[in-house]
Amino acid sequence: MVERMKVYELARELGMTSKELLAQLKDLEIEVKSHMSVLIKEEIEKVIAQIEEKEKPATLPADEALHRMVQGEAGAEIAE
């Protein structure tokens, strides 16, 4: 990973606008003045970690849900 990157460069890498990234940086309490501000490695990693966390599915994958049903977990009844 790079040591330093401008906000607009990271936004482009992440497929978002600078404005969207600036909003995320504000939520993470990372202070920047504009799309030309420089982010250090730790800040870049923090942004990426937040994005990955948001992208995790809120529901169980189908195969895990099926496994739980077969095992009788979560109140699932098995029809014969």
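So, here is what we can say about the structure in this document. The structure presented is a predicted model; accordingly, all values stated were derived computationally and were not measured.

### Observations regarding helix H1 (residues 7-14)
Where H1 is concerned, the buried positions are Val7, Leu10 and Ala11. Angularly, the buried residues of H1 cover 105 degrees about the axis, an arc narrow enough to put them on a single face. Turned more than 90 degrees from where H1 packs its buried face, Arg12 and Glu13 sit exposed. Those residues of H1 that are buried lie in contact with strand E1 (4-6), helix H2 (18-27), strand E2 (38-40) and helix H3 (41-55). Remark: Gly15 follows H1 within two positions and exhibits a positive phi of approximately 75 degrees.

### Focus on the packing of H1 against H2
Where H1 meets H2, the axes come as close as 9 Å, and the angle between the chain directions of the two elements is 105 degrees. On the basis of the axis angle, H1 is roughly perpendicular to H2. Between H1 and H2, the contacting residues are Val7, Tyr8, Leu10 and Ala11 on the first element and Ser18, Leu21, Leu22 and Leu25 on the second. Class assignment for the residues of the contact of H1 with H2 results in 7 nonpolar, 1 polar and no charged.

About the cut-offs
- Residues numbered from 1 in each chain as written.
- Predicted model: local features only at pLDDT ≥ 70, side-chain atom pairs only at ≥ 80, totals over all residues.
- Heavy atoms only, no water.
- Buried < 20%, exposed > 50% of the residue type's maximum accessible area, 1.4 Å probe, protein only.
- Helix = DSSP H or I, 4+ residues; strand = E, 2+ residues; numbered from the N terminus.
- Arc of directions from axis to C-beta.
- Contact = heavy atoms within 4.5 Å.
- Axes fitted to C-alpha atoms, helices over the stretch in contact; angles between N-to-C directions.
- Parallel < 35°, antiparallel > 145°, perpendicular 65-115°, else oblique.
- Nonpolar A, V, L, I, M, F, W, Y, C, P; charged D, E, K, R; others polar.

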